[in-house]
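Here are the chains, one letter per residue:
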Amino acid sequence: MDAFTRFTNQTQGRDRLFRATQYTCMLLRYLLEPKAGKENVVMKLKKLESSVSTGRKSNLNRVVYFICDTILWVRSVGLASHVNKEKWRMWAARHYCCFLLLSLARDLYEISLQMEQATRDGAEREKSPPQDPPGYSVADEETEWLQSFLLLVFRSLRKHPPLLLDTVKNFCDILNPLDQLGIYKSNPGIIGLGGLVSSLAGIIIVAYPHMKLKTQ
């Protein structure tokens, strides 16, 4: 209980909980909308999602996105009805998408460094080159290369949980702006699930600071 209290006392902790609730509502709403007799529940989920989203406005810490998102919030509560909602929504989505692309590029760079180190470590352990078995073909070589590559990625991420968490979080986050910009369309269920997974990864990072990625 003390750990939960400390977590919720942090601005980032509260924001992650709000965000997880928001995307959980989105996912549940998507799952319940096709079912008859669930209109009242869907409406309550939609209102809760909107309320939680509003509660996150003062907790966003990326300046450009904060400006765009705040203007959208002012428009949504009726304080500035003349604001072009779609224009500012697209500006916010573009900034967020660029930010996440840069973050994913950093993650890929870090993964490449870890893979390079793992390859060197493996080369030191295996002094003699492996012998190809009889009947070995080019197709077998390509399949083995792909398996080795995927195994190397898996081992690199398994040894570095902060890098795994950051990569998963950024990949799940980028689904939303890609959908808003029309680059890669997703349904609310996929976006809600991705947002929930990302929020849970963020909760882990806030609750356990040593899980935050430290770049080289």
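Residues numbered from 1 in each chain as written. Predicted model: local features only at pLDDT ≥ 70, side-chain atom pairs only at ≥ 80, totals over all residues. Heavy atoms only, no water.

1. Overview of the nonpolar core
Consideration 1: Listed in full, the 9 residues of the largest apolar core are Phe7, Ala20, Tyr23, Met26, Leu27, Ile191, Leu196, Ile203 and Val206.
Consideration 2: Secondary structure elements with two or more residues in this core: helix H2 (11-32) and helix H9 (188-207).
Consideration 3: Sequence-distant contacts of Tyr23, defined by excluding residues within four places in its chain, comprise Asn176, Ile191, Gly192, Gly195, Leu196 and Ser199. (Core = buried A, V, L, I, M, F, W, Y, C linked by side-chain atoms within 4.5 Å. Buried < 20%, exposed > 50% of the residue type's maximum accessible area, 1.4 Å probe, protein only. Helix = DSSP H or I, 4+ residues; strand = E, 2+ residues; numbered from the N terminus. Contact = heavy atoms within 4.5 Å.)

2. A short note on the confidence of the model for the protein chain
Consideration 1: For the protein chain, the mean per-residue pLDDT works out to 80, and 72% of the residues sit at or above 70.
Consideration 2: Predicted confidence in the protein chain is weakest over helix H4 (residues 63-76), with a mean pLDDT of 62, and strongest over helix H7 (residues 161-173), with 94. (pLDDT = per-residue confidence, 0-100.)

3. Structural notes on the packing of H2 against H9
Consideration 1: In contact at an axis separation of 8 Å, H2 and H9 are set at 160 degrees when each is read in the N-to-C sense. The orientation of H2 with respect to H9, classified from their angle, is roughly antiparallel. Two packed elements cross with a definite hand, and for H2 against H9 that hand is left-handed. The residues of H9 that touch H2, namely those facing Gln12, Gly13, Arg16, Leu17, Arg19, Ala20, Tyr23, Thr24, Met26, Leu27 and Tyr30, are Pro188, Gly189, Ile191, Gly192, Leu193, Gly195, Leu196, Ser198, Ser199, Gly202, Ile203 and Val206.
Consideration 2: Its residues placed into classes, the contact of H2 with H9 shows 12 nonpolar, 9 polar and 2 charged. (Axes fitted to C-alpha atoms, helices over the stretch in contact; angles between N-to-C directions. Parallel < 35°, antiparallel > 145°, perpendicular 65-115°, else oblique. Left-handed = near helix turned anticlockwise from the far one by under 90°. Nonpolar A, V, L, I, M, F, W, Y, C, P; charged D, E, K, R; others polar.)

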